[in-house]
Amino acid sequence: MAPLPQYIMPDASEPEYEIILEQLQDYRKSLIGSSYFYIRAGDERNHLCRIVHGGGKVFFHELVDHHKHGISNEDIDESVKNDIGTFTLPGLHPVSPHIEQKLRILYDI
């Protein structure tokens with residue numbers, strides 16, 4: 001059985017979902033297919049995250065297993081390293097053009 005997606009931070013706090021979504025909607029390259037993708041930098045590792053529209057004002061936030069999408073840990077780390085401060089929330093980074101290309105192959109129809 002696959003684990004359930006994680007919807008809270010490791011310290012049990014809830015991320016500022018509305019602000020995250022607002023910033024992603026302003027950044028055109030984060031919308032891939034019908035989902036918004038971004039990277040959340042953590043203390044020990046970085047995570048590829050996705051926001052999926054669930055109808056109305058409902059959005060589902062999840063951590064994505066980036067290896068299943070052909071994205072390496074190095075790809076994720078490179079995105080964080082090369083970010084120039086695109087988003088105002090700390091620890092939030094856009095996907096790199098390399099990751100964007102891989103995701104578009106999978107999700108853009």
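Report follows, based on the coordinates. (Residues numbered from 1 in each chain as written. Predicted model: local features only at pLDDT ≥ 70, side-chain atom pairs only at ≥ 80, totals over all residues. Heavy atoms only, no water.)

Some words on the nonpolar core
Side chains of nonpolar character tend, in soluble globular proteins, to be buried together.
So, step 1. Formed by Ile32, Phe37, Ile39, Leu48, Val64, Ile71, Ile76, Val80, Val95, Ile99 and Leu103, the largest nonpolar core amounts to 11 residues.
So, step 2. Elements that contribute at least two residues to this core include exactly β2 (35-41), α2 (73-82) and α3 (97-107).
So, step 3. Sequence-distant contacts of Leu103, that is, excluding residues within four places in its chain, are made with Ile32, Phe37, His69, Ile71 and Asp108.
So, step 4. Core analysis: the second largest hydrophobic core is formed by 10 residues, Leu24, Ile51, Leu89 and Leu92 among them. (Core = buried A, V, L, I, M, F, W, Y, C linked by side-chain atoms within 4.5 Å. Buried < 20%, exposed > 50% of the residue type's maximum accessible area, 1.4 Å probe, protein only. Helix = DSSP H or I, 4+ residues; strand = E, 2+ residues; numbered from the N terminus. Contact = heavy atoms within 4.5 Å.)

As for the environment of Leu103
So, step 1. Relative to the helices and strands, Leu103 is located in helix α3.
So, step 2. Taking relative accessible area as the criterion, Leu103 reaches 0% and is therefore assigned buried.
So, step 3. Along the primary structure Leu103 and His69 are separated by 34 residues, whereas in three dimensions their C-alpha atoms are 7.2 Å apart.

Let's talk about the packing of α2 against α3
Helix-helix packing is characterised by the crossing angle of the two axes and by the distance between the axes.
So, step 1. For the pair α2 and α3, the least separation of the axes is 9 Å and the interaxial angle reads 130°. In terms of orientation, α2 lies oblique with respect to α3. Here Asp75, Ile76 and Ser79 of α2 come into contact with α3, specifically with His98, Ile99 and Lys102.
So, step 2. For the contact of α2 with α3, a count of residues per class yields two nonpolar, two polar and two charged. (Axes fitted to C-alpha atoms, helices over the stretch in contact; angles between N-to-C directions. Parallel < 35°, antiparallel > 145°, perpendicular 65-115°, else oblique. Nonpolar A, V, L, I, M, F, W, Y, C, P; charged D, E, K, R; others polar.)

Here's the deal with the environment of Ser35
So, step 1. With respect to the helices and strands, Ser35 occurs in strand β2.
So, step 2. Ser35 has contacts with Ser30, Arg50, Ile51 and Val52, leaving out every residue within four places of it along the chain.

Points about α2
So, step 1. Of the residues making up α2, those classed as buried are Asp75, Ile76, Ser79 and Val80. Projection of α2 onto a plane perpendicular to its axis shows the buried side chains occupying an angular sector of 135°, all on one side. Residues of α2 that are exposed and point more than 90 degrees away from the buried face comprise Glu74 and Lys81.
So, step 2. Elements that come into contact with the buried residues of α2 comprise β2, β3 (46-53), β5 (92-93) and α3. (Arc of directions from axis to C-beta.)

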